[in-house]
Amino acid sequence: MESALTARDRVGVQDFVLLENFTSEAAFIENLRKRFKENLIYTYIGSVLVSVNPYKELEIYTKQNMERYRGVSFYEVSPHLYAIADNSYRSLRTERKDQCILISGESGAGKTEATKKILQYYAVTCPASQQVETVKDRLLQSNPVLEAFGNAKTLRNDNSSRFGKYMDVQFDYRGAPVGGHILNYLLEKSRVVHQNHGERNFHIFYQLLEGGEEDLLRRLGLEKNPQQYHYLVKGHCARVSSINDKNEWKIMRRALSVIGFNDSEVEDLLSIVASVLHLGNVQFAADEQGNAQVTTENQIKYLARLLAVDGSVLRDALIHKKIIAKGEELVSPLNLEQAAYARDALAKAVYGRTFSWLVNKVNKSLAYKEEKFPGWRSTTVLGLLDIYGFEVFQHNSFEQFCINYCNEKLQQLFIELTLKSEQEEYESEGIAWEPVQYFNNKIICDLVEEKFKGIISILDEECLRPGDATDTTFLEKLEETVKNHPHFLTHKLADQKTRKSLGREEFRLSHYAGDVTYSVAGFLDKNNDLLFRNLKETMCNSENPIINQCFDRTELTDKKRPETAATQFKNSLSKLMEILMSKEPSYIRCMKPNDAKQADRFDEVLIRHQVKYLGLMENLRVRRAGFAYRRKYEVFLQRYKSLCPETWPTWDGRPYDGVAVLVKHLGYKPEEYKMGRTKIFIRFPKTLFATEDALEVRKQSLATKMQATWRGFYRRKKFLTMKHSAITIQSWWRGTLGRRKAAKRKWAVETIRRFIKGFIYRNHPRCPENEYFLDYIRFSFLMNLKRNLPKNVLDKSWPTPPPSLCELEQKVIASEIFKGKKDNYPQSVPRLFINTRLGREEINTKVLQALESEALKYAVPVVKYDRRGYKARARQLLLTQSSAIVVEESKIKQRIDYSNLTGISVSSLSDNLFVLHVHCEDNKQKGDVVLQSDHVIETLTKAAILANKINNININQGSIKFTAGQGKEGIIDFISGSELLIAKAKNGHLTVVAPRLNSR
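Procedures and definitions
- Residues numbered from 1 in each chain as written.
- Predicted model: local features only at pLDDT ≥ 70, side-chain atom pairs only at ≥ 80, totals over all residues.
- Heavy atoms only, no water.
- Helix = DSSP H or I, 4+ residues; strand = E, 2+ residues; numbered from the N terminus.
- Expected span 1.5 Å × (residues − 1).
- Buried < 20%, exposed > 50% of the residue type's maximum accessible area, 1.4 Å probe, protein only.
- UniProt positions renumbered as here; feature names shortened; annotations may be inferred.
- Contact = heavy atoms within 4.5 Å.
- Polar contact = N/O pair within 3.5 Å; in protein donor to acceptor, adjacent residues only side chain to side chain.
- Core = buried A, V, L, I, M, F, W, Y, C linked by side-chain atoms within 4.5 Å.
- Phe/Tyr/Trp six-rings, centres within 6.5 Å; stacked < 30°, edge-to-face > 60°.
- Lys NZ or Arg CZ within 6 Å of the ring centre and 35° of its normal.
- Domains from an automatic or database assignment.
- Salt bridge = Lys/Arg side-chain N within 4 Å of Asp/Glu carboxyl O.
- Patch = residues over 30% accessible without salt bridge, like charges linked within 9 Å, V, L, I, M, F, W, Y side chains within 5 Å.
- Areas by Shrake-Rupley, 256 points an atom, 1.4 Å probe, with all protein chains shown as cover.
- Lys, Arg positive; Asp, Glu negative; His and termini not counted.
- Charge placed at Lys NZ, Arg CZ, Asp CG, Glu CD.
- Pairing = 2+ DSSP bridges.

Undergrad: Honestly, helix 14 (residues 398–429) in this entry has me stumped. Any pointers?
TA: Since the α-helix turns once every 3.6 residues, residues separated by three or four places project in the same direction. For helix 14, with 32 residues, the first-to-last C-alpha span of 47 Å sits near the 46 Å given by 1.5 Å per residue. Judged by how many residues are buried, helix 14 sits mostly within the fold: 25 of 32 residues are covered. The positive-phi residue at the C-terminal boundary of helix 14 is Gly-430, with phi of around 75°.

Put into structure tokens, the structure is as follows:
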């Protein structure tokens, strides 16, 4: 908070206690004006918050702001509602002591909004659970309901609270809101039947007419036009542009549901609201004897239905008065004036009691239901008092008298508690307390409330005494009883000069906030607040559940006279004082900057009026009677330690000793400060301001040094950053080069290892161990061939390939035989020719033994087709140096010596079928052999080379004839198709369907 002192010339001080000229009202108001101009609407007087209504939205109530004030020391942040709310909440949590926040001010000063903001703060920042959320919602939603029924538009405020409200919020051991309770004070019932020009009745009437559904209004017998109802047109402003009654109706209806109203209760409640409007439209006319008669029967019918009473009984009760004299009931007719009084009295009673019922209903929904240990008080309470401020109008009546009496009591409590808290702080810190001189308004409170001699006692006596008691006789009695009181004055008691400002039916009280003149007209009627007995009886017989609860039958049998309105108010106020005295108080004083409700307009005359009526100067004087400023040693030392070389930059000893060294260095005089047990107390603001100015100079000096240091630091930091970046890049690049070199070495090692291993396995069949070596030999041979091509086309010499490249020679022979002649030759080109397609372990050992010394050159699995039925049978074809052998498992089925092999036939299509032609004269041969191999190009090439029959391979188109046995011939037909198919045709031929390929 001290940080704002450097800008005090522009925005003023955040705490009025720091005002140098604290006795000057002009200085006080100027400080308010400076802050208001900068949209700083909150200022402290010690721990009291002064709030000025800005009449515009300010971005200071966001969740972010709530978090800023949550759990923060009171003086660490700028003044705010949230600071008061959080400080009270933390005291409640840490000390387990009940708290209360007293919010006061004139109508339109922002009291109701302040209460809402505080409740919203607790709703957001307090611990939550499903049950707690329900309570939070109900606490927040109680506001729209009570505002609808208890607030109205006045000349000063569009949403003026016309009742006092004290709300207790209960918190459990975790600090979560778990319940609440509301007390209401002095509802302005007279507003129901009368409003001053430019004012309205209670909001609920207009909301119902504007927002109510057509069906609802039809059931209630109402029209949407408020001009139709006498109780709504007295102020001549039924509709106001700044109030959206339709929208407010929706909010109120939703709030009723949240609080727990069911549809039936809502219907009953709205029936009562409608009945008040119908009561206002009941008209009377005088008969020949001058007695009143009801002329609006239609209204009586509506009232009978809405209030659930007998219509004829209600009509009679409105025009007759029933009294009990000497045990007998006497009924007397009423004249027009009395009938109108009875009607208005009933309307006020019905509305007033319904409002009290509504508050009780809200309290039931907020009640804390303790499930565990119901006898143990596990909750603490924080109270919020939103009550009318001091009121001075051109015409002041009974209501203003009660309101101002209430403010006198609150001012008395406020001063007492302020002095008490000051004295307790001084004593706890071990500092001598000096008695403070202040205006004790107890003398005014006694004038109003003292037994037998106070104004309320005299008023009650006039109301109760037999005979013709009037407002005038009440004034005369006052003049007789309290004529010598210094704070009381009437026309009769005043001097000649003062009489000009006092009417003969007025009296003047000198309140703590100034003089107020009251008119006694209506005092007795408003204090009596009587409702004729027969009207009470009618209401007691109502079948409307709410009315039935509001009018208790015991009232009819109770012979004790009910308390007057003033006595009820005095007693409830006394209980309120007891409640507040039992709690730790915090204060919010609300002010309005102008009467026109305009933003950025500061009316100095109006502000001065409120400063006086709120007793702010008196409060400041009490707070400044001793020491203007006090802070804990730790906080003071932390802020100002840079002003002393011994405490800067750190102090290792006790904070007390550090502050003692600091103030000695600063040259504080003994009369300027005191050292308490935990705080330093500074008497004069100028001492603090001088310290703050020295701090600002020190900051500037340190800032200059810091800038120079920072420039050097920044440049060095920049150099180190660049150096670090260069080293990082270098290390990264070295790492990259190293990884590349290591990868290259690893590749070289692996290559050499593979090459050596391949050389070892060079004479083995192609396998993973030698494939790299063999590929390399192939590549080298081909590259050498490329570099040593023949000099001319006549040179037919061919370099001898290495043993591992015999396959390449076979590829050349295959090309000569099949290229351009057989469709599936191109598919064989990229495939390597290998030494064998069958390993020795796949050939039966008996077969290998039968071959004896014959070297096996090539082996491949084949399918053999029988010569007669063309049945397919799995066989193996083995090629040796001298013969081709067809093997079935362990048996050699046929051996064909190459000398007996006359030729090999194959089709030009993509099939894999071929025929080995043999000499039939050889008795050992059964005929030609029809075989199928998946590696037909490779198999035939190797067979042709081994048998030296390269030129004896016939590639046929259409069909192949073969010898099926002695003198028998077979035919194989070849045709193209979509997929391979080999089957015997009806003509006895073997038909082979070869799939078509994209290219030959």
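What follows continues from the structure just given.
Undergrad: Could you clarify how one ought to interpret the UniProt feature "binding site: ATP" (unreviewed entry) in the protein in this entry?
TA: Sites flagged by UniProt as "binding site: ATP" (unreviewed entry) map to Gly-105, Glu-106, Ser-107, Gly-108, Ala-109, Gly-110, Lys-111 and Thr-112. For Glu-106, the location among the structural elements is in the loop between strand 3 (99–105) and helix 5 (111–125). Not counting chain neighbours up to four residues away, the residues in contact with Glu-106 comprise Lys-111, Arg-156, Gly-389, Phe-390, Cys-590, Lys-592, His-609, Gln-610 and Tyr-613. Looking at the secondary structure, you find Lys-111 in helix 5. Those residues in contact with Lys-111 that lie beyond four places of it in its chain are Ile-103, Ser-104, Gly-105, Glu-106, Asp-386, Ile-387, Tyr-388, Gly-389 and Cys-590. Among the polar contacts made by the side chain of Lys-111, one reaches the main-chain carbonyl oxygen of Gly-105 at a distance of 3.0 Å.

Undergrad: Honestly, the nonpolar core in this entry has me stumped. Any pointers?
TA: Buried together is how nonpolar side chains tend to be arranged in soluble globular proteins. Core analysis: the biggest nonpolar cluster contains 112 residues, and Tyr-122, Phe-149 and Phe-205 have the highest contact counts within it. Top element by residues in this core is helix 13 (residues 336–366). It accounts for 14 residues. Among the nonpolar cores identified, the runner-up in size contains 92 residues, and Val-392, Ile-403, Leu-478 and Phe-507 belong to it.

Undergrad: When you look at the packing of aromatic side chains in this model, what are you seeing that I'm missing?
TA: In this description, an aromatic ring pair is defined by two values, namely the gap between the centres and the angle between the planes. Scanning the model with the defined rule gives 37 aromatic pairs in all. Here the aromatic residues Tyr-61, Tyr-69, Tyr-82, Tyr-89, Tyr-121, Tyr-122 and Phe-171 are joined through ring pairs into a cluster of three or more. A cation over an aromatic ring shows up here: Lys-117 above the ring of Tyr-61, its NZ or CZ 4.6 Å from the ring centre. The ring of Phe-414 has Arg-589 sitting right over it, with the charged end atom 4.2 Å from the ring centre.

Undergrad: I tried to follow the domain arrangement of the protein on my own but got confused; where do I start?
TA: On domain assignment, one finds that the protein holds domain 1 (630–731) and domain 2 (810–994). The straight-line distance from the C-alpha centre of domain 1 to that of domain 2 is 105 Å.

Undergrad: It is not clear to me how the pattern of salt bridges should be interpreted in this structure. Could you clarify?
TA: Pairs can form between side chains of opposite charge once their charged atoms are near each other. By the definition in use, this model includes 49 salt bridges. Put simply, Glu-25 and Arg-608 hold a salt bridge, and the shortest N to O gap is 3.1 Å. Of this pair, Glu-25 sits in helix 2 (residues 25–37) while Arg-608 is found in helix 23 (residues 604–613), placing the two residues 583 residues apart along the sequence. Given a relative accessible area of 27%, Glu-25 falls into the partly exposed group. Overall, Arg-608 belongs to the partly exposed group, its relative accessible area being 30%.

Undergrad: What is the right way to look at a positive patch on the surface in this model?
TA: On the surface, Lys-224, Lys-246, Lys-250 and Arg-254 cluster together into a positively charged patch. Assignment of secondary structure puts Lys-224 in the loop between helix 8 (214–220) and helix 9 (245–259).

Undergrad: Sorry if this is basic, but what is going on with the pairing of strand 2 (residues 48–52) here?
TA: Within strand 2, 5 of the 5 residues are buried, which leaves the element mostly enclosed by the surrounding structure. The alternating pattern of strand 2 places Val-48, Val-50 and Val-52 and Leu-49 and Ser-51 on opposite faces, both of which are buried. Two elements, strand 1 (residues 42–45) and strand 2, share 4 bridges in a ladder whose sense is antiparallel. Looking at the pairing, Tyr-42 lines up with Ser-51 of strand 2. Hairpin connection, strand 1 to strand 2: the antiparallel pair is bridged by 2 residues, and Gly-46 has positive phi, about 65°. Across 4 bridges, strand 2 lies against strand 16 (residues 584–591) in parallel orientation.

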